[in-house]
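What follows is the residue order along each chain.
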Amino acid sequence: MYRVRTAVTDGIEKVVYPNGLTLTLRADHRVPVAAARCYVRGGSIAEEAPGGSGIAHLLEHLIATAAAAEMEEHGDGALLNAFTTHDYTCFHWSAAEEDLVPSLCRFFAGLRRIASLSFDLDAEKNVVMQEIDLFREKRLGLFQQCFLEEMFEAHPLRYPVCGYKTLLREVSAADLGHYIARLYTGANVRLVVSGAFDEESLVGGVEEACASLPEGRRFELHVEEPPRSIARVFDFDTPDVRGGYTQVGMRIGGDFEDSVAFAALARSVNSSRGPTFAAGEVEARSVASAFHAGYFHLLAHHAADGSAAIEEAMRQWLDDVAAGRAPLPLDAVRAAAHLDDEPTLDGWAALLGHGDVRSGHPLETLRFQERLRTIGEDDVRSAVARHLAGGNLTIGRLRQRSDSAVARPPRPAPAVYEETLPNGARLVILPTPSAQACCQVLWRGGVFAENGETNGLCSLMARLLPRSISEELRQALALYRETTRASFYAFCDENFFGVSLTASARELDAGLDLLAAMAIQPVFTRDAVDDERRETAERHASSRISWLPQTRRQLKSLLYRRHPYRLSEGGTAESLLHLTLDDVAGCHVRTCVGDNIAVVVSGAVTPEHVRDRLASLFAAVPRGSFCPTGQPEDGTAVPGMSVITRPWTFGALAIGYRGVEWDPETWLAFNLLKALLVGPENNSVRGRLTRAMRDEGAAYSTVCLNQSGFGEGYFALLAAFAPQKEERAVAIAEREIERLRSGDITAGELDHCRKLYLLQHLRLYESPRAHAYGAGREVLFSKNPASWSRISDQVREITANDVASAAQLAFLDRSRGVVLVRPQGG
């Protein structure tokens, strides 16, 4: 290998190896010990869009564990530790002089072991999960993380270094390998050694140890934050703090002079002569990332009722600083800078490595300190004035909460970008921190696009969309699927159908034209229709269909005689056999019209770019409105009871109520009623009805359905039980229905239910496909895509009376139907 050695300054040298890796040396032989640091440029900021997966931090754990094991196995005298920041990962250890070069070799051996993807990933994930939990218990830290998520809308500084648990769970060994291949390269790795060492042995040892590192590319990142016109304010409620905290901050960019100016401002606030704002404690912080972003904030701890006055005082102080009216004790800052002690060996390694990994200049931190000693008041005031312009301020209020309401989720709801095209189609873009991005094209349809003779048509058409593409695009589709991990997915339920594309954020854009072609210009063929129809009919005729869809189908046929809900959402074996190519094409023509379509994107995307792309692609959708089939039910007809037999070894019960209309003001209360009965997502061990059935041995599978269409819906309870438990299961279901109608809901029970429901919602929020679908439903139902994202705030407002009122609206005897399914011969 050919290496270049240069003198950085007296006593400090830098060696650059052919693969780009640099080694900075500072000799100090006063004690026979050396401090070594290995920096990897990128940190959590380098996690591929959208960020928040915690890959950088998880890798740090794995590599440090493997390297420490290598050192211990070979008896090296080295104490290794590691940490990850937004900008970089750092591995640092101290070693006896004779053990320094061997310890470096062991470190790179540990890195190679992890790069071979040989490790217990789940075990290390569990360790990081515990670390995240410990962080979340610190409410002030969680509040400040939430503050960053409000301050930055696009830059990955907004994501926590440890990541979000929901995204971390999805990280695979292949994802880690991809990160290593991108970041653990010569161009991004910086080694620093300070202390006692033999220079030639060290330079040669590093040459041998790092020979396997590829050169790679130096990681860079340029992200533009969308402009603001007003300050952003948010509240964070928790019972776990005394008094309150108010935080006021601004984005400051990554310019060197601005970074120094705001660092000086922060130090002046933290000095004994800084402002107090009538608060008990005040601190300031200035952070400058190496990747063109940074922030400055003031944090005040005060009495619980002092937030408004202190917020105003901090805002006024920033205005006064910018205008030259507030004193700035910079002389205290300069004096403190001159009193810095001589750094330790590890302090020198940190100082040199921090500067080198950020900018390529080991002395950058020293240059920063030197500039702090000379910066003037005008420099600081000018920087504050520039960054106060527009709506750059972010204001957070952490307040003590004495009640048992559900705490604000750690991540605020994202901004919603929406637009209605001239043809009536709705475009919605939801920038969110998720591991992938999704674009979903959603139509109203399902059984509302069918009649008795064409039942199953909408579902059949939806399943054909991903493969109904023109010949000229077929090769592009095959290549896109082969070279990415993207997937196309069709869906259809009782009310909606559509097709979606899920991919990484950087791969989504390349697939949008293919998705649009499937959605609005499909090429249906007779052979494809016949094959799909035949396969679906065979599945429907199979006896393997579970008890739930069969019992649900029986209940709907009892509740409805005219309304489309009487139809099966997937059709029947008989109805599917009569569907033709003309039926499929005609269904697409009727439903794919402007007023009936929503195109929703969720994930780490650039809203302006995606909006322009989608506007051009979906301008081809024809104008028009969708007319649902079917008629309303006769309000005087009572559904009654139906008893049927099936060749099962168990029985089933369904109690349903029709006429539960969708209303944005009450629908969340209905969802909480459902969660109260059977837990979130029909959990097998949660929920009042589920526990009662299990505790009394009546049933071991309970489900609650809360469905709504266009002006009509139904609410249903279903259970499967042993034949001899029929009477008991019916009695328990009747008892729980009556308890809810009478308002028998305790505050503690509702609080627990809200927490579970919120957890369910936040889990779905992490899925870009679920997020897109939820927002798309809201667009097509209520024309308000933001309401799905605001559920986490709204759920706190639902009271026991709201849930009891929902029960009284749902459980009406005149609209009730009961289905009992008994085993044949039982």
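Numbering of residues starts from 1 in every chain and runs along the sequence as written. Reporting of local features is limited, given that this is a predicted model, to residues whose pLDDT is at least 70; pairs of side-chain atoms are given and counted only at 80 or more, and all residues count toward the totals for whole chains, interfaces and linings. To get the side-chain values, take all heavy atoms of the structure and skip hydrogens and water.

A. Focus on the sheet that holds strand β17 (residues 496-503). Judged by pairing direction, the sheet is mixed, and its six strands sit side by side in the order β13-β14-β18-β15-β17-β16 without closing on themselves. With one partner strand each, in any of the chains shown, β13 (417-420) and β16 (487-492) form the two edges of the open sheet. Taking each pair of neighbouring strands and ignoring which way they run, the sheet shows an average axis angle of 15 degrees. The pairing criterion is simple: DSSP has to find at least two bridges between the two strands. Counting from the N terminus, the helices are DSSP H or I runs at least four residues long and the strands are E runs at least two residues long. Judged from the six bridges that link them, β16 and β17 form a sheet pairing that is antiparallel. Of the residues in β17, the one forming a bridge with Phe-491 is Gly-498. With respect to the sheet, helix α21 (residues 607-617) is in contact with β13, β14 (426-431), β15 (437-444) and β18 (597-603), its orientation differing from that of β14 by roughly 155 degrees. Where helices are involved, their axes are fitted lines through C-alpha atoms of the stretch in contact, as for all axes, and angles between N-to-C directions lie from 0 to 180°. Note on contacts: a residue pair is in contact if any heavy atoms of the two residues lie within 4.5 Å.

B. Region of interest: the pairing of strand β5 (residues 78-84). Exposed residues in this analysis have more than 50% of their type's maximum accessible area, buried residues have under 20%, and partly exposed residues fall in between, with area computed by a 1.4 Å probe over protein chains only. Because side chains alternate across β5, one face comprises the buried residues Ala-78, Leu-80, Ala-82 and Thr-84, and the other comprises Leu-79, Asn-81 and Phe-83, none of which is buried. Across seven bridges, the pairing between β5 and strand β6 (residues 88-96) is antiparallel. Counterpart to Thr-84 in the pairing with β6 is Thr-89.

C. Looking closely at the side chain of Asp-493. For Asp-493, the position within the fold is in the loop between β16 and β17. The side chain of Asp-493 is buried and forms no salt bridge, while Arg-777, the nearest opposite charge, is found at 4.7 Å. Each polar contact in these results corresponds to two N or O atoms within 3.5 Å; when the atoms are within protein, one needs to be able to donate a hydrogen and the other to accept it, and residues that are neighboring in sequence are counted only if both atoms are side-chain atoms. For Asp-493, the side chain forms a polar contact with the main-chain nitrogen of Asn-495, separated by 2.9 Å. Of the polar contacts made by the side chain of Asp-493, one reaches the backbone nitrogen of Phe-496; its length is 2.7 Å. Residue contacts for Asp-493: discarding those within four places in its chain leaves Gly-446, Val-447, Glu-569 and Tyr-773. We count Lys and Arg on the positive side and Asp and Glu on the negative side, and we leave His and both chain ends out. For salt bridges, the criterion is a side-chain nitrogen of Lys or Arg within 4 Å of an Asp or Glu carboxyl oxygen.

D. Here's a closer look at helix α9 (residues 307-323). Taking 1.5 Å per residue, 17 residues should reach 24 Å; α9 reaches 24 Å between its end C-alpha atoms and fits that length. Burial in α9 covers these residues: Ser-307, Ile-310, Glu-311, Met-314, Trp-317, Leu-318, Asp-320 and Val-321. Along its buried surface, α9 packs onto β9 (244-251), α8 (256-270), β11 (294-302), α13 (377-388) and β12 (393-400). Downstream of α9 by a residue or two, Gly-324 has a phi angle that is positive, lying close to 85 degrees. Under the convention used throughout, the expected extent of a helix is 1.5 Å for every residue step, that is, one less than its residue count.

E. Just the environment of Cys-592, in detail. Along the chain, Cys-592 turns up in the loop between α20 (581-591) and β18. Given the relative accessible area of 4%, Cys-592 is considered buried. Between the alpha carbons of Cys-592 and Arg-30 there is a distance of 79 Å; along the sequence they are 562 residues apart. Excluding its chain neighbours within four sequence positions, the residues that come into contact with Cys-592 are Trp-443, Ala-519, Ile-520, Val-621 and Pro-622.

F. Spotlight on the confidence of the model for the protein. Confidence scores labelled pLDDT are given residue by residue by the predictor and lie between 0 and 100. For the protein, per-residue confidence averages 85 on the pLDDT scale, and residues scoring 70 or more make up 92% of the total. Every residue in residues 403-414 scores below 50 in pLDDT, and together they form 42 contacts with partners more than four places removed in sequence or on other chains.

G. Spatial organisation of the pattern of salt bridges. For the structure shown, the criterion picks out 48 salt bridges. With a shortest N-O distance of 2.9 Å, Arg-506 and Glu-48 are connected by a salt bridge. Separated by 458 residues along the polypeptide, Arg-506 in helix α16 (residues 505-520) and Glu-48 in the loop between β4 (33-41) and α1 (55-73) bring together distant segments of the chain. Its relative accessible area of 51% is what places Arg-506 among the exposed residues. When its relative accessible area of 30% is taken as the criterion, Glu-48 is described as partly exposed. A network of salt bridges, in which partner residues are shared, links Arg-688, Glu-696, Arg-728, Arg-735, Glu-736, Arg-739, Asp-744 and Glu-749.

H. Region of interest: the packing of aromatic side chains. Only Phe, Tyr and Trp rings are paired, with Trp represented by its six-membered ring, and only when their centres lie within 6.5 Å; those with planes under 30 degrees apart are stacked, over 60 edge-to-face, the remainder tilted. Evaluation of the coordinates by the stated rule reveals 26 aromatic pairs. Judged by centre distance (5.8 Å) and plane angle (40 degrees), the rings of Phe-143 and Phe-234 are tilted. With Phe-143 in helix α4 (residues 139-151) and Phe-234 in strand β8 (residues 232-238), this pair connects stretches of sequence that are 91 residues apart. Using a relative accessible area of 0% as the deciding quantity, one classes Phe-143 as buried. On the numbers, 5.6 Å between centres and 85 degrees between planes, the contact of Phe-715 with Phe-811 is edge-to-face.

I. Local environment of unusual backbone geometry. Even without being glycine, Ala-278 reaches a positive phi, approximately 60 degrees. Within the element layout of this structure, Ala-278 appears in the loop between α8 and β10 (281-288). A positive phi angle, near 60 degrees, is found at His-292, a position not held by glycine. Here His-292 is to be found in the loop between β10 and β11.

J. Molecular detail of the nonpolar core. By convention a nonpolar core is built from buried Ala, Val, Leu, Ile, Met, Phe, Trp, Tyr and Cys residues, the set being connected through side-chain atoms within 4.5 Å. With 78 residues, the main nonpolar core has Val-441, Leu-508, Ile-597, Leu-614 and Phe-618 as its most contacted residues. Of the residues forming this core, the biggest block, ten residues, is contributed by α16. In contact with Phe-618, not counting residues within four places along its chain, are Leu-421, Asn-423, Val-441, Ala-516, Ala-519, Ile-520, Ile-597 and Val-599. Core analysis: the next-biggest nonpolar cluster, separate from the first, contains 75 residues, Leu-100, Phe-143, Leu-157 and Phe-197 among them.

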